[in-house]
Amino acid sequence: MRSRSAVLAWTNCCAILLYLCHFVQNGDSQLLINVKNQGGDVLQETITSNVTEDVVTLEFQRSDGTLVTQLIDFSKNVQILKALVLGEEERGQSQYQVMCFVSHIEKAEFISSDSMAKLRQKNPGTVRMPEEDRGRHNFTMDLFVDTSKSGVISKHIANLCTEAKDATYTRQADLKLWSEQPGASMSALTSCVTAFPTENTSPPRCLDITSMWKPCTCHLEMCIGWYPCSLKYCKGKSDVSYRCGIKTCRKCNLFAYYVPQKQMCLWDE
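Throughout what follows, the structure given in this document is the object of discussion. Predicted model, so just to flag it, every value in this text is computed and none were measured.

A short note on the layout of surface pockets
Empty space among the atoms becomes visible once a probe the size of a water molecule is rolled across them.
Part 1 of the argument: Quantified by volume, the largest pocket comes out at close to 390 Å³.
Part 2 of the argument: Along the wall of the largest pocket there are 18 residues; nearest its centre are L119, R120, W226, G245 and I246.
Part 3 of the argument: For the lining of the largest pocket, the secondary-structure elements that each account for two or more residues are β1 (28–36), β12 (216–235) and β13 (241–259).
Part 4 of the argument: Among the elements that line the lining of the largest pocket, the one with the most residues is β13, at five residues.
Part 5 of the argument: Across the lining of the largest pocket, the residue classes break down as eight nonpolar, four polar and six charged.

Okay, structure coming up:
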């Protein structure tokens, strides 16, 4: 019989081969980045680039346990920010809840998937700090996205937000920007969204009400502590410019959105 160590070695070898096969077939490249957040905690970001799909995905777990995933679909100018928030079971919440926030993004806000795929780290253990803080961007969401019909916005929404079928949001302002892209149709875009069930005014902020069962406006902030926001160019001989590195940034996104019960927004207290 094979020894336990031999079996483990064979299993690890198979796992490596499977990973290499996945890398070749999917064209993915991956970086692990150690990032210090503003609170002083060191988090590990995983940044994956898929040149074939023209997509970059960034993922990390916050110190409070929340898992944040950012997906940039360059082909459709779409950003998806997903939050998996651990529930407070002692207060009647489920084990976790998932929300997705879909918005328009300009290609220039993040380096391309092709450039991202070419990045390499000389010192993988180094703790990174961004060069520029791009502040906080506020988003007031006003539409639910039907994930089963969301392919007209981005084919990646249905897969990434499969656990957020009733909690995927966007804005009318984003639909307008997507509708101006070549081949886009506002009627097709509006067919996959529905308005929030509010009247002329938004419900009060969850922070300001006491009843756990009344609708309110929830606030959730997600900060990307480090990401490659642009390429750097240097001048060589004869003033010819060439790529010589990347510029890194930090950016926060604050989302305000409708929830049918304050119970679904206990962190906003």
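This is not the end of the story, as more comes after the structure.
Structural notes on the sheet that holds strand β4 (residues 67–73)
Part 1 of the argument: Here we have 10 strands laid out as an open sheet, ordered β7-β1-β2-β3-β4-β5-β6-β10-β9-β11, and mixed in their pairing. Since the sheet does not close on itself, it has two edges, and those belong to β7 (127–128) and β11 (193–195), each with one partner.
Part 2 of the argument: Pairing of β4 with strand β5 (residues 78–86) involves seven bridges; the strand directions are antiparallel. Among the inter-strand pairings, Q70 is bridged to a residue of β5, identified as L81.
Part 3 of the argument: Set on the sheet, helix α4 (residues 172–179) makes contact with β5, β6 (96–104), β9 (143–145), β10 (168–170) and β11; between it and β6 the angle comes to about 45 degrees.

Digging into the environment of K176
Part 1 of the argument: Residue position: K176 is located in helix α4.
Part 2 of the argument: For the pair formed by K176 and H104, sequence separation is 72 residues and the distance between their alpha carbons is 9.5 Å.

As for the state of the cysteines
Part 1 of the argument: Inspection of every chain in the model, using the stated rule, returns six disulfides.
Part 2 of the argument: Residue pairing for C100: its cysteine sulfur links by disulfide to C161, the two sulfurs lying 2.2 Å apart. When the S-S torsion is -105 degrees, as for the bridge of C100 with C161, the disulfide is left-handed. One end of the pair, C100, is in strand β6; the other, C161, is in the loop between α3 (157–160) and β10, and 61 residues separate them in sequence. In this structure, C100 and C161 share a single accessibility class: buried.

What about unusual backbone geometry?
Part 1 of the argument: Even without a glycine there, the phi angle at D54 is positive, about 60 degrees.
Part 2 of the argument: Residue position: D54 is located in the loop between β2 (42–50) and β3 (55–61).
Part 3 of the argument: For D54, a relative accessible area of 26% translates into the label partly exposed.
Part 4 of the argument: One non-glycine residue, N77, lies in positive phi territory at about 55 degrees.
Part 5 of the argument: Here N77 is to be found in the loop between β4 and β5.

Concerning empty space enclosed by the protein
Part 1 of the argument: Applying the stated criterion across every chain, the model contains one cavity of 30 Å³ or more.
Part 2 of the argument: Approximately 30 Å³ is the volume found for the largest cavity.
Part 3 of the argument: Forming the walls of the largest cavity are S29, Q30, L31, I47, S49, M116, A117, L119 and R120.
Part 4 of the argument: Elements represented by at least two residues in the lining of the largest cavity include exactly β1, β2 and α2 (113–117).
Part 5 of the argument: Examining the composition of the lining of the largest cavity, we find that three residues originate from one element, β1, more than from any other.

What counts as what
- Residues numbered from 1 in each chain as written.
- Predicted model: local features only at pLDDT ≥ 70, side-chain atom pairs only at ≥ 80, totals over all residues.
- Heavy atoms only, no water.
- 1 Å grid on protein atoms, 1.4 Å probe; cavity = no way out; pocket = protein on both sides within 12 Å on 5 of 7 lines; lining within 4 Å.
- Points joined across faces, edges and corners; volume = space filled by probe spheres on them.
- Helix = DSSP H or I, 4+ residues; strand = E, 2+ residues; numbered from the N terminus.
- Nonpolar A, V, L, I, M, F, W, Y, C, P; charged D, E, K, R; others polar.
- Pairing = 2+ DSSP bridges.
- Contact = heavy atoms within 4.5 Å.
- Axes fitted to C-alpha atoms, helices over the stretch in contact; angles between N-to-C directions.
- Disulfide = S-S within 2.5 Å.
- Buried < 20%, exposed > 50% of the residue type's maximum accessible area, 1.4 Å probe, protein only.

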